[in-house]
Amino acid sequence: MASVPVAVVTGSNKGIGFAIVRALCQQFPGDVYLTARDPGRGQQAVAKLQEEGLRVLFHQLDIDDLQSIRALRDFLKEKYGGLNVLVNNAGIAFKVRDTTPFAIQAEVTLKTNFFGTRNVCTELLPLVKPYGKVVNVSSMASNSALGGCSQELQQKFRSDTITEDELVELMTKFVEDTKKSVHEKEGWPNTAYGVSKIGVTVLSRIQARMLNEKRKGDHILLNACCPGWVRTDMAGPKATKSPDEGAETPVYLALLPSDADGPHGQFLSNKTVRPW
Ligand code: NAP
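These numbers were taken from a predicted model, which means no experiment stands behind them.

## Overview of the side chain of Lys-197
- With respect to the element layout, Lys-197 can be found in helix H8 (residues 192-214).
- Nearest to the buried, unbridged Lys-197 among oppositely charged side chains is Asp-64, at 12 Å.

## Here's the deal with unusual backbone geometry
- The omega torsion across Gly-262 and Pro-263 is 0°, close enough to zero to call that bond cis.
- In this structure, Pro-263 sits in the loop between helix H10 (248-254) and strand S7 (267-269).
- Non-glycine residue His-219 carries a positive phi angle of around 55°.
- What makes His-219 partly exposed here is its relative accessible area of 41%.
- One non-glycine residue, Lys-271, lies in the positive phi region at around 60°.
- In this fold, Lys-271 is placed in the loop between S7 and strand S8 (272-274).
- The partly exposed category is assigned to Lys-271, whose relative accessible area is 41%.

## Some points on helix H1 (residues 15-27)
- Between its first and last C-alpha, H1 extends 19 Å over 13 residues, near the 18 Å set by a 1.5 Å rise per residue.
- Counting buried residues along H1, 10 of its 13 residues qualify, which places the element largely inside the surrounding structure.
- If you check which residues of H1 are buried, you get Ile-16, Gly-17, Phe-18, Ala-19, Ile-20, Val-21, Arg-22, Ala-23, Leu-24 and Cys-25.
- Against the buried residues of H1 lie strand S1 (6-9), strand S2 (31-36), helix H2 (39-51), strand S4 (83-88), helix H9 (243-246) and H10.

Reading the values: the criteria
Residues numbered from 1 in each chain as written. Predicted model: local features only at pLDDT ≥ 70, side-chain atom pairs only at ≥ 80, totals over all residues. Heavy atoms only, no water. Helix = DSSP H or I, 4+ residues; strand = E, 2+ residues; numbered from the N terminus. Buried < 20%, exposed > 50% of the residue type's maximum accessible area, 1.4 Å probe, protein only. Lys, Arg positive; Asp, Glu negative; His and termini not counted. Salt bridge = Lys/Arg side-chain N within 4 Å of Asp/Glu carboxyl O. Expected span 1.5 Å × (residues − 1). Contact = heavy atoms within 4.5 Å.

Remember that the coordinates give geometry; whether it matters functionally is a separate question.
Structural data, given as C-alpha cells:
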C-alpha cells in the first residue's frame with residue numbers, strides 16, 4: 001500500500017471535519033481516513049458517507065491521548081509508509097454561557113486545541129511524504145486574541161525566530177497565570193479559546209520554518225486557516241456558513257497542486273492569506 005496516497009482528518013465524526021472528509025473523498029486520489037475519539041460516533045459518521053456513495057476508511061484517534069496518536073502513527077507507517085495529507089481539525093470550545101471557572105476552561109481548552117494538536121504534529125509530521133500537505137485548523141479568533149495581548153506578547157507571537165519550546169512555555173504560562181488570576185496583569189486576553197488558537201497559528205508558522213530548514217527538498221506545504229463562522233455544534237445554528245462551505249479553505253490547502261510553492265507557513269481565511 002506504500003504507493004497509495006493517504007489523507008487523515010482529526011476530529012471528523014461531525015462538523016467541519018466531517019465535511020472536510022466528504023470533500024476529500026470526492027476529490028483526493030487515495031485513501032481518506034475519518035478519525036474520531038469515540039469509535040461508535042466515528043462508525044456512524046462513516047456509515048453516513050457510505051450512504052452518500054463515498055468510499056471512506058476509519059481509524060480511532062483521540063488527540064488528548066498520546067497512546068492513541070502513536071497507534072495511528074504506527075498504523076500509517078506500517079500500512080502506507082507515511083501519509084500525504086494531514087488536517088488537524090479537532091478542537092473544542094466552551095460555550096459563552098458556561099460557568100466553569102476560567103482557569104479550568106483555560107486548562108481544558110489548551111490541552112486539546114494546542115497541546116493535543118502539537119502532539120499529533122510531533123508524531124505525524126515526520127511521516128509526511130514529499131509534496132505532502134498539512135493544514136492546521138485555527139481561527140480568526142487567534143488574530144483577535146493576538147490584538148488583545150500586551151505589546152510584549154504580540155512581539156513574541158509575531159517573531160520569526162520563536163521556537164516551539166518557547167511557544168510551549170508561553171502556552172503553559174497562560175494556563176498557570178489563569179490559575180493565579182494574574183493572566184490579565186501578565187498581558188493575556190480574556191479568552192482561552194483565542195489563546196489556544198494563537199498557539200495553533202504560531203505553531204504552524206514555526207513548523208513551516210522548520211520544514212524549510214530541515215526538509216526543503218521535500219516541498220511539503222503547511223498552513224493554518226480559519227474555516228469561517230460555521231453552523232456546527234461548536235458555533236451554533238446562527239453561523240453564516242454550512243459545514244461544506246467551512247471545509248472549502250482547509251480542503252483547498254489540503255489539495256494544493258504538487259507544483260505549487262505556496263502558500264506555506266501562512267494563515268488563510270476564504271482561501272486568502274491574511275496578515276498575522
Ligand atoms: P464541532 O462540531 O464541535 O466538532 C469538533 C470535532 O472535534 C468533533 O468531531 C469532536 O469529537 C472532535 N474532537 C474534540 N476533541 C477531540 C479530541 N480530543 N480528539 C479527537 N477529536 C476531538 O466543531 P467544528 O465547528 O466542526 O470545529 C472544527 C474545527 O474548526 C475546530 O478546530 C474549531 O476550533 C475550528 N473553528 C470552528 C469555527 C466555527 O464557526 N464552527 C470557526 C473557527 C474555527 P466529539 O464528537 O467526540 O466531541
